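Structure assessment
If you want the building blocks of each chain, they are given just below.
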Number of protein chains: 2
Amino acid sequence: MSQSPSTSLTIRTQIAAEIGNFGRVVAAIGAAGAEVGGVDIVRSTKSAVTRDITVYVRDAAHGEAIVAALDALDGVEVQSTSDRVMLSHVGGKMTMQNRAALESRDDLSMAYTPGVARVCMAIQHDPERTWDLTIRGNSVAVITDGSSVVGQGDLGPLAALPSAEAKCMFLRELAGIDGFPLPLTVRDTDEISAVVSKIVSVFAGVHLTDMAAPRCFEVQKTLGALIDIPVLHDNQEGTSAALLAGLINSLGLAGKDLANATVLIAGLGPSGVATARLLVAAGVGQVLTCNRDGAVHAGKDYDEPELTWIAEHTNPDRRDGDARELLHGADAFIGLSVPGLIDAAAVKAMASDPIVFALAMPGPEITPAAAAGVATVFATGRPDLPNQINSALAFPGIWRGALDCRATRIDDGMVMAAARAIAETSAAAVAPDHVVPSVFNADLVPNVARAVRKAAEESGAARLTGAAA
Amino acid sequence: MSQSPSTSLTIRTQIAAEIGNFGRVVAAIGAAGAEVGGVDIVRSTKSAVTRDITVYVRDAAHGEAIVAALDALDGVEVQSTSDRVMLSHVGGKMTMQNRAALESRDDLSMAYTPGVARVCMAIQHDPERTWDLTIRGNSVAVITDGSSVVGQGDLGPLAALPSAEAKCMFLRELAGIDGFPLPLTVRDTDEISAVVSKIVSVFAGVHLTDMAAPRCFEVQKTLGALIDIPVLHDNQEGTSAALLAGLINSLGLAGKDLANATVLIAGLGPSGVATARLLVAAGVGQVLTCNRDGAVHAGKDYDEPELTWIAEHTNPDRRDGDARELLHGADAFIGLSVPGLIDAAAVKAMASDPIVFALAMPGPEITPAAAAGVATVFATGRPDLPNQINSALAFPGIWRGALDCRATRIDDGMVMAAARAIAETSAAAVAPDHVVPSVFNADLVPNVARAVRKAAEESGAARLTGAAA
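Reading guide: rules and limits
- Residues numbered from 1 in each chain as written.
- Chains lettered and ligands numbered in written order.
- Predicted model: local features only at pLDDT ≥ 70, side-chain atom pairs only at ≥ 80, totals over all residues.
- Heavy atoms only, no water.
- Helix = DSSP H or I, 4+ residues; strand = E, 2+ residues; numbered from the N terminus.
- Rg over C-alpha atoms; globule rule 2.2 N^0.38 Å.
- Buried < 20%, exposed > 50% of the residue type's maximum accessible area, 1.4 Å probe, protein only.
- Contact = heavy atoms within 4.5 Å.
- Least-squares fit on C-alpha atoms with pLDDT ≥ 70 in both.
- Pairing = 2+ DSSP bridges.
- Axes fitted to C-alpha atoms, helices over the stretch in contact; angles between N-to-C directions.
- Patch = residues over 30% accessible without salt bridge, like charges linked within 9 Å, V, L, I, M, F, W, Y side chains within 5 Å.
- Areas by Shrake-Rupley, 256 points an atom, 1.4 Å probe, with all protein chains shown as cover.
- Salt bridge = Lys/Arg side-chain N within 4 Å of Asp/Glu carboxyl O.
- Polar contact = N/O pair within 3.5 Å; in protein donor to acceptor, adjacent residues only side chain to side chain.
- Phe/Tyr/Trp six-rings, centres within 6.5 Å; stacked < 30°, edge-to-face > 60°.
- Expected span 1.5 Å × (residues − 1).
- Core = buried A, V, L, I, M, F, W, Y, C linked by side-chain atoms within 4.5 Å.
- Parallel < 35°, antiparallel > 145°, perpendicular 65-115°, else oblique.
- Left-handed = near helix turned anticlockwise from the far one by under 90°.
- Buried area = accessible area lost by both parts, 1.4 Å probe.
- Nonpolar A, V, L, I, M, F, W, Y, C, P; charged D, E, K, R; others polar.

Attention now goes to the overall build of chain A. Scanning chain A from terminus to terminus reveals 18 helices and 15 strands. Against the globule reference of 23 Å for 469 residues, chain A gives a C-alpha radius of gyration of 25 Å, in line with a compact fold. Sorting the 469 residues of chain A into buried and exposed places 57% on the buried side. Within chain A, counting contacts between residues at least 6 apart in sequence, those at least 24 apart form 66% of the total.

The following block contains the structure:
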């Protein structure tokens, strides 16, 4: 892992007030292979200056080595260290706020008794009024069982909470949506669906996250049948829409089109399966897939219904082999598997202008260094490299569109519309290092939301129709 | 019901620009028995002035009569009317906000991948860290099944949402707590407890509201046994603490004390039962209770375990009769029953300086007019009269105290401490029309929280100890 704000320390140092001392501190940090992110003076006396120095490090051990190196310098005393990421999480990442004042008896009598009784009665007479008279219309439950947390595996529901909170932050910051994180202490598929189905009165949608396969597929199906609001899984719909967007723009750069492209998907977890389905639905010429057992194709028996479906709908020539073999002649590689799966030689064996999306966690299927000069387009899931392809490109806009039309579900058409809108948002500026827009592109969510809403109206998923811009 | 902001209309009128026209409008509103709450000029031309006139009315029919009266005036045209309470609810009453910025790749890498992975791992290694690294430490689930909503009966979970949102508003405004409303579409006691027990990872407490007896008692018991965070029911702990506070101050005014007082509780729903328990625990001299079947006392058979307990612990003389009969010689009446239960004659038959708390919904057990000059202290649940006794006096502070010490439960000692702290908060200014503080008294929540935390430390309910001020 490279140096990044995600692994940074703030080191409080007291440095004797002699010319050159601070320079020696900065030099020591650089010599130890770290970068100075910022310096603040805490206090200054005649004899010493106390500074908070923020240092980007590789990992905890690297941080400890730097603290030791500074402490060993003459005239320098390390007083304390603090971990910026941990500090930034203290107290959690979100808060509930009131939308109206509650500061007087008049406020009370409007928001609570006796006024609220009329609002409650109005909803009892017409339950649809929950959409406009309560927070329901803009609320999404972010549900996880903690079985597959940010590339770290099964950490359990409590440990999944910081990640679920992050999804809520995306919803608020990017799409103005009120997400609330609800880690569940239950693992049985039917029980998850039953529990969630009983708490959704206040929500307009259910956002599944950090949930392992096959449970995520099963919950989406069983829960979707129990409730009349969408059930989206960010690792499925979100990631696959972002990948399809990147693929459309990358193929465009090479003058190729989807209908004639051969795309290999390596890794058949939730994102791999969802991407295979979406690429088939989008009309990609030839979709190939593989997992640790090799290529998936018809004629083999699979326990998982998802793999059976993929075997029936992809790889018409029943090609066999591992990722390296299947890459021969392919236009694009979509890696959702494990670090280091492929090498430069495999990329060289691809068709002209090879497209490599290496999204494995915690590191890509091929390093940026190995891909450089070989892949025409190279993308990863990392925020510190160009072309970050992440579900957050898609799900905020998909949810905004779904909520705007009070959608009952999120269907393939809506996800495809989202993918095309993401691609179009960066279309004017597409380049090998810019095949998808930034998640902070101000046009992104409005564009995706509009497209998703239109698709929902066309497919019948929208409760509200006719208002799409 | 009297005129109140809780039933107010804003009427947009276009009034011909002639001297005296606006005066006739105001006179017509007064003649129709309503009050003008405010006037705003929307636009003004040579020929006419458009004004938004906010009018406090008794009910919807009264509002319609006033609109018709204005429309009938020469030179006056009613252009539109809007309902302030309904408008104040549009979009719901709360929103989720991020506590930190999410505006750059650096922000992303701290709040989400790769930084968040370290936070998740830290919690996996030490689950107690959810208290400080996530929103859990300050979050309360506001749970309802909608079976008894703000005096309107069983409206169902969707219609209970505006009331649950109001409880969350109290928590935020008064105690800085993040409450989230979760109406449940389930009615079986064990199922409610099972569902809630599986979603509480993100919460430090469960706040039950608008739930009918006996389910509320059963859920509190079964759910409390399943989870290690407090389960509070505002109609029980909240209302009873507020009532005990008012009782302490009211008896003090008359120079009486709890240990020698006789108190009748009429109505044995959740608040009545909880109040009976609390008054017994607080050492009230003689507690009497009655419901529609008359006095509760030992020697009768009761189906409900709550009534059996009350029969065994109150009314030692096994007095019989209805509320009027039981009031003979009583020092205080606590009404949690039905409008119009008692009259002035019954109050006159009480001991000297009679105390009457008439909290029935939608109207008190005795009208303010009938009680005037007869009861020394008269209190209701209404915000537009002095002495509003409401659970909101107690639960924000109880929760603040419980969360500050990461309490595992809320026990009798904590509720009693809350009651005494509420009473003490207004002690310096106690008067017949001021036996409890305003919910907006800035000292109230800190005082209650400190007392509750201290009681929790003493009883062993506190996870954190030693930090109480």
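Now that the structure has been shown, we can carry on.
Before going further, it helps to examine the relation of the copies chain A and chain B. In the superposition of chain A on chain B (RMSD 0.1 Å, axial shift 0.1 Å), the rotation amounts to 180°. Here the symmetry operator amounts to a two-fold rotation axis. Identified as the residue of chain A closest to the rotation axis by C-alpha distance is Met96 of chain A, at 2.3 Å. Looking at the interface residues of chain A, 100% of them are also at the interface in chain B, so both copies use one shared face.

Glancing now at the pairing of strand β15 (residues 377-380) of chain B. Residue and element names in this part refer to chain B. Alternating residues of β15 divide into Val377 and Ala379 and Phe378 and Thr380, and every residue in both groups is buried. Of the strand pairs in this sheet, strand β14 (residues 355-358) and β15 are connected by 4 bridges, and their pairing is parallel. When the sheet's bridge partners are listed, Ile355 is paired in β15 with Val377.

As a further point, take the sheet that holds strand β10 (residues 262-266) of chain B. Within a beta sheet, neighbouring strands are joined by backbone hydrogen bonds and run either parallel or antiparallel to one another. Residues and elements named next belong to chain B. What the 6 strands build is an open sheet, ordered β12-β11-β10-β13-β14-β15; its pairing is mixed. A single partner strand is all that each edge strand has here, and the edge strands are β12 (294-295) and β15. Of the strands in this sheet, β10, β13 (332-335), β14 and β15 touch helix α10 (residues 234-253), which is tilted by about 160° from β14. Here helix α11 (residues 270-281) sits on the sheet and contacts β10, β11 (286-291) and β13; the angle it forms with β10, its principal contact strand, is near 165°.

Here the focus is the sheet that holds strand β1 (residues 8-16) of chain A. All names here are of chain A. Taking strand neighbours across the sheet as the criterion, the 4 strands line up as β2-β3-β1-β4 in an open arrangement whose pairing is antiparallel. The open sheet terminates on both sides in strands that have one partner only, identified here as β2 (35-44) and β4 (76-83). Recorded for the sheet is a direction-independent mean angle of 20° between the axes of neighbouring strands. Pairing of β1 with β4, which is carried by 7 bridges, proceeds in the antiparallel orientation. Within the sheet, the bridge partner assigned to Gln14 lies in β4 and is Glu77. Sheet contacts for helix α1 (residues 21-31): β1, β2, β3 (48-56) and β4; angle to β3, the most-contacted strand, approximately 20°.

Residue and element names in this part refer to chain A. Note that Phe333 resides in strand β13 (residues 332-335). Owing to a relative accessible area of 0%, Phe333 belongs among the buried residues under this scheme. Put simply, Phe333 and Leu288 are 45 residues apart on the chain and 9.5 Å apart in space, counted from C-alpha to C-alpha. Residue contacts for Phe333: discarding those within four places in its chain leaves Leu264, Ala266, Leu327, Leu341, Ile342, Met350, Ile355, Val356, Phe357 and Glu365.

Residues and elements named next belong to chain A. Together, Val26, Val36 and Val39 make up an exposed nonpolar region whose accessible area comes to about 180 Å². Along the chain, Val39 falls in strand β2. Taking relative accessible area as the criterion, Val39 reaches 36% and is therefore assigned partly exposed.

Residue and element names in this part refer to chain A. Relative to the assigned elements, Thr314 resides in the loop between α12 (305-313) and α13 (323-327). Note on Thr314: relative accessible area 5%, which makes it buried. There is a polar contact of 2.7 Å between the side chain of Thr314 and the backbone oxygen of Ile310. Not counting the four nearest positions on each side in its chain, Thr314 is found in contact with Val280, Val287 and Val296.

Turning next to the packing of aromatic side chains. Summed over all chains, the structure comprises 7 aromatic pairs over all chains. Relative to Phe180 of chain B, the ring of Phe180 of chain A has its centre 4.2 Å away and its plane inclined at 25°; by these criteria the two rings are stacked. With one member in each of two chains, Phe180 of chain A in strand β7 (residues 178-183) and Phe180 of chain B in strand β7 (residues 178-183) form a pair that bridges those chains. Accessibility classification places Phe180 of chain A together with Phe180 of chain B in one group, the buried group.

The next subject is helix α2 (residues 60-71) of chain A. Every α-helical turn comprises 3.6 residues, leaving residues that sit three or four positions apart pointing alike. Residue and element names in this part refer to chain A. Relative to the 16 Å expected for 12 residues at 1.5 Å per residue, α2 spans 17 Å between its end C-alpha atoms, a close match to the ideal helical length. Close packing links the buried residues of α2 with β1, α1, β3 and β4. N-capping of α2 is provided by Asp59, with a side-chain oxygen placed 3.3 Å from the backbone N of Ala61.

Attention now goes to the nonpolar core. Judged by nonpolar contacts, the single largest core of 248 residues is most densely connected at Val206, Phe357 and Trp399 of chain A together with Val206, Phe357 and Trp399 of chain B. Discounting residues that sit within four places of it in the chain, Val206 of chain A has contacts with Ala141, Ile143, Val196, Val200, Leu223, Ile227, Ile229, Pro230, Val231, Leu232 and Trp399 of chain A. Ranked by size, the runner-up nonpolar core spans 22 residues in total, among them Leu288, Ala344, Ala358 and Ala371 of chain B.

Residues and elements named next belong to chain B. In the contact formed by helix α7 (residues 157-175) and helix α16 (residues 395-404), the axes pass within 9 Å of each other and the chain directions differ by 65°. One way to sum up the angle between α7 and α16 is to call them roughly perpendicular. Once α7 is placed against α16, the crossing between them reads as right-handed. Two secondary-structure elements touch here, α7 through Lys167, Phe170, Leu171, Leu174 and Ala175 and α16 through Phe395, Pro396, Trp399 and Arg400.

In this section: the interface of chain A and chain B. Opposite the 97 residues of chain A that make contact, chain B presents 97 residues. When chain A packs against chain B, the two sides together hide about 9500 Å² of surface, and 66% of this comes from carbon and sulfur. Between the two partners, chain A and chain B, sit 4 salt bridges. The closest approach of N and O atoms between Arg118 of chain A and Asp83 of chain B, which form a salt bridge, is 2.5 Å. Here chain A is connected to chain B by 38 residue pairs in polar contact (both at pLDDT 80 or more). If you tally residues by element for the side of chain A that touches chain B, the top one is helix α7 (residues 157-175) of chain A, at 14 residues.

Here we take up the side chain of Ser426 of chain A. All names here are of chain A. Relative to the helices and strands, Ser426 is located in the loop between α17 (412-425) and α18 (444-459). Assessed through its relative accessible area of 3%, Ser426 is described here as buried. Among the polar contacts listed, one links the side chain of Ser426 to the side chain of Asn249, at a separation of 3.1 Å. Not counting the four nearest positions on each side in its chain, Ser426 is found in contact with Asn249, His434, Val435, Val436 and Pro437.

All names here are of chain B. Orientation of helix α8 (residues 189-197) relative to helix α9 (residues 215-226), taken along the N-to-C sense of each, is 40°, at an axis distance of 9 Å. On the basis of the axis angle, α8 is oblique to α9. Considering how the two elements wind past one another, α8 and α9 form a crossing that is right-handed. Contacts from Thr189, Asp190, Ile192, Ser193, Ala194, Val196 and Ser197 in α8 reach Arg215, Glu218, Val219, Thr222, Leu223 and Leu226 in α9. A class-by-class count of the residues in the contact of α8 with α9 yields 6 nonpolar, 4 polar and 3 charged.

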